[in-house]
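Report on the structure
Residue strings, one per chain:
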Amino acid sequence: MKKLNKKVPIIGGAVIGVILVIYIILCFLASGKGFIKNMTINGIKVNNMSKEEVISKLENKYQKDQDQLLLNLEMNGQKYQIDMKDNVKVNIKDQVNDIQKKYNNFFTKGYHYLLKHNENISIDIKDQKQLNKDIKKSGILDYSTLVPTTYKVEKTKVIFTKGKSGEAVKQKDVYNTIQTALNEYDFNKTLKIKPSSVSEDESVMKTIYKTLSKEGKNATLDKNNDYKIVAEQYGAKYDLDDSISAFNKAKEGKEFEVKAKAIVPSITKEDLEKNLFKDVLGEYTTTVNGSSVRKNNVRLAGEKCNVILLPGEEFSYNKTVGKRTKENGFGEAYLNGETVQEVGGGVCQTSSTLYNAVVLSNLEVTERTNHTYISSYVPIGRDATVSWGGPDFKFKNNRDYPIKIEASYANSKLTCKIIGTNVDGSYVKFTSERTGDVAYNTKYENDATIPEGQQVTKQAGSNGGRAVSYRLVYDKDGKLLSKKKEAKSYYKGHEAIIAVGTMKVEQVPETTPETTPNTEPTQPETTIEPSETTAQ
């Protein structure tokens, strides 16, 4: 029995030795060119490859995969897509080096050969903020079965209906799923997104309180729904702590009340229906001269100005009319006060006509620039020049009711009207006065067709001027309420152009005929009698 006990350690040691020898042999057999013989990286067998060959293979694979990096997501049977090809990056060389170092220990190669020999090169996200934007854009975050808490304001109380718990997709869950797929280089499959259980807490009552504690919202028009009337919204003053306490006690889907004092808006739906677009706030007409092309430019620009502005909205002439191009229907015509033609010539008459209507409507002008030269179609100081990429004409609807522009063209006349609601019967007079002259310049040009010393006027000069305009507001009984300086204007003069002759002219001196002296001796005068025959 004692002999048997002595043999056990010997046999155990021998077994361990044999196992150790077998493991060392396995480690030797598992060794390759720096990698385990049965190793794969991103599905590529690398056992007989050098590090450089592995890097080249992985880079080629990545280039192909990157061009098709359109992630497919699925949630409750609904499919979504996110394009990632421009928002990923990878450093294959460094990651291959790290993998090689990990397997470089001879005595761990057997272990890795048997148990862990598949590796992945992970892909990094370039811009996390951009990915979050793309997640939102995909529409997957729109899914929600949560029923939110609602409320209704009455004169002495607010009636709340507590929301119901549900499911929703959280942005961080989608982001983490995408990041995991990229880390594991496993993005060709459809990524399954599981919605999370969600419910409202008392913070929703704080949000509602912030909304209701402000002033009520007037009835208005919905510009995204054919300008249909939207009813007013009441505000309310109440105790926030009371509302939170009532919320926590209420069951989901059940009503609870809080004492409150309603904040009533100034314009109700009934007010808007009764008074919408019932008054002409301001109107102005100008006569349109020039070519048929210029007249068409004026008419077309006017038609494009027929828009509705809600309270607080700003009108931009350039943005509303758009770029003046032939593709948009505009033609070449002379510009105001200049002798050059440009596509859209004449549209400044439309902006100037509208400017006068806007001031007469007592609206707030936020941007206006006078022309370089005095305009002929409006009084001095009451024009508004515009240019694509340059000066713009802008104004704001600073009234409580919506307004609309009505521009019409007929019989070479352009009329701009501002239609809205005159709540107090007030009206405006728009005046201007010339405050001084701006002398014109004279330009001299040499002209070889005109004799030297002579001058010819090619273009007569005319003075420019300075002007100030005023806005006078009267009440319905004609009493002056205010007089405000509207704008100052400065206009250049049209320069005179004088052609100066440079043509040289030869001067021919006057001459008298010369007398030739007679040098022959004077003979006495002799009379010859005629003969009967003539010499041949």
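Reading the values: rules and limits
- Residues numbered from 1 in each chain as written.
- Predicted model: local features only at pLDDT ≥ 70, side-chain atom pairs only at ≥ 80, totals over all residues.
- Heavy atoms only, no water.
- Helix = DSSP H or I, 4+ residues; strand = E, 2+ residues; numbered from the N terminus.
- Buried < 20%, exposed > 50% of the residue type's maximum accessible area, 1.4 Å probe, protein only.
- Contact = heavy atoms within 4.5 Å.
- Areas by Shrake-Rupley, 256 points an atom, 1.4 Å probe, with all protein chains shown as cover.
- Pairing = 2+ DSSP bridges.
- Polar contact = N/O pair within 3.5 Å; in protein donor to acceptor, adjacent residues only side chain to side chain.
- Axes fitted to C-alpha atoms, helices over the stretch in contact; angles between N-to-C directions.
- Salt bridge = Lys/Arg side-chain N within 4 Å of Asp/Glu carboxyl O.
- Core = buried A, V, L, I, M, F, W, Y, C linked by side-chain atoms within 4.5 Å.
- Expected span 1.5 Å × (residues − 1).
- Parallel < 35°, antiparallel > 145°, perpendicular 65-115°, else oblique.
- Left-handed = near helix turned anticlockwise from the far one by under 90°.
- Phe/Tyr/Trp six-rings, centres within 6.5 Å; stacked < 30°, edge-to-face > 60°.
- Lys NZ or Arg CZ within 6 Å of the ring centre and 35° of its normal.

Focus: the overall build of the protein
Within the protein, the regular secondary structure consists of twelve helices and 32 strands. In the protein, which comprises 536 residues, the share counted as buried stands at 38%. Within the protein, contacts between residues separated by at least 24 positions form 73% of all contacts whose residues are at least 6 apart in sequence. Carbon and sulfur atoms make up 48% of the accessible area of the protein, which amounts to about 33,100 Å² in all.

Points about the pairing of strand 30 (residues 464–474)
Burial analysis of strand 30 places ten of its eleven residues in the buried class, the great majority of the element. Taken together, the eleven bridges between strand 27 (residues 427–438) and strand 30 define a ladder with antiparallel strand orientation. Following the sheet pairing, Ser 432 is matched in strand 30 by Ser 469. Relative to strand 31 (residues 480–491), strand 30 runs antiparallel, the two sharing ten bridges. Bridging from a neighbouring strand, Gly 465 pairs with Tyr 491 of strand 31.

Re the side chain of Thr 415
Structurally, the position occupied by Thr 415 is in strand 26 (residues 413–420). Residue Thr 415 is classed as buried on the basis of its relative accessible area of 14%. A polar contact is formed between the side chain of Thr 415 and the side chain of Thr 285, at a distance of 2.8 Å. In contact with Thr 415, not counting residues within four places along its chain, are Glu 283, Tyr 284, Thr 285, Glu 406, Ala 407 and Ser 408.

A short note on the sheet that holds strand 9 (residues 157–161)
On the basis of which strands lie adjacent, the open sheet formed by three strands has the order 8-9-16 and antiparallel pairing. Of all the strands in the sheet, just strand 8 (150–153) and strand 16 (255–259) have a single pairing partner and so form its edges. The mean inter-strand angle of the sheet, taken between neighbouring strand axes irrespective of direction, is 20°. In the sheet, strand 9 pairs with strand 16 via five bridges, with the strands oriented antiparallel. The residue bridging Ile 159 from the neighbouring strand is Glu 257, located in strand 16. Across the sheet, helix 7 (residues 203–212) lies against strand 8, strand 9 and strand 16, angled at about 30° from strand 8, the strand it touches most.

A short note on the pattern of salt bridges
The tally for this structure, following the rule as stated, stands at 18 salt bridges. Where Glu 74 meets Lys 192, a salt bridge forms, and the shortest distance between an N and an O atom there is 3.3 Å. Note that Glu 74 is positioned in strand 3 (residues 70–75) and Lys 192 in strand 11 (residues 191–192), a separation of 118 residues in sequence. Accessibility expressed as a relative area gives 18% for Glu 74, which makes it buried. Residue Lys 192 is classed as exposed on the basis of its relative accessible area, which comes to 57%. Here Asp 83 and Lys 85 are joined by a salt bridge, their closest N and O atoms 2.7 Å apart. Salt bridges sharing common partners tie together Glu 74, Lys 79 and Lys 192.

Thoughts on the nonpolar core
In terms of nonpolar packing, the biggest core is built from 37 residues, with Phe 315, Tyr 317, Leu 354, Phe 393, Phe 395 and Ile 418 touching the most fellow members. Every element with two or more residues in this core is listed here: strand 18 (279–287), helix 10 (292–304), helix 11 (317–321), helix 12 (347–360), strand 25 (403–410), strand 26 and strand 27. Here Ile 418 is in contact with Asp 279, Val 280, Leu 281, Gly 282, Leu 354, Ala 357, Val 358, Ser 361, Leu 363, Ile 403, Lys 404 and Ile 405, once residues within four sequence places are set aside. Counting 35 residues, the second-largest nonpolar core is a separate cluster that includes Ile 44, Val 46, Val 96 and Leu 182.

As for helix 12
With 14 residues, helix 12 should cover 20 Å at 1.5 Å per step; its first-to-last C-alpha distance of 20 Å lies within 8% of that length. Most of helix 12 is tucked away: 14 of the 14 residues are buried. Looking one or two residues beyond helix 12, the residue adopting positive phi is Asn 362, at roughly 60°.

Structural notes on the packing of helix 7 against helix 8 (residues 240–249)
The contact between helix 7 and helix 8 brings their axes to 9 Å, and the two run at 140°. With respect to their mutual orientation, helix 7 and helix 8 come out oblique. You can see that helix 7 and helix 8 cross each other, and the crossing is right-handed. Residue-level inspection shows Val 204, Met 205, Lys 206 and Tyr 209 of helix 7 in contact with helix 8, the latter providing Leu 240, Ser 243, Ile 244 and Phe 247.

Structural notes on the packing of aromatic side chains
Taken as a whole and judged by the stated rule, the model has eleven aromatic pairs. With 5.1 Å between their ring centres and 15° between their planes, Phe 160 and Phe 256 make a pair best called stacked. Here Phe 160, found in strand 9, pairs with Phe 256, found in strand 16; they are 96 residues apart in sequence, far enough to count as distant. By the burial criterion, Phe 160 is buried, and Phe 256 matches it. Put simply, the rings of Tyr 151, Phe 160, Tyr 209, Tyr 238, Phe 247 and Phe 256 touch in pairs and so form one group of aromatic residues. For the cation-ring pair, Lys 483 lies above Tyr 470, with the distance from its terminal atom to the ring centre recorded as 4.7 Å.

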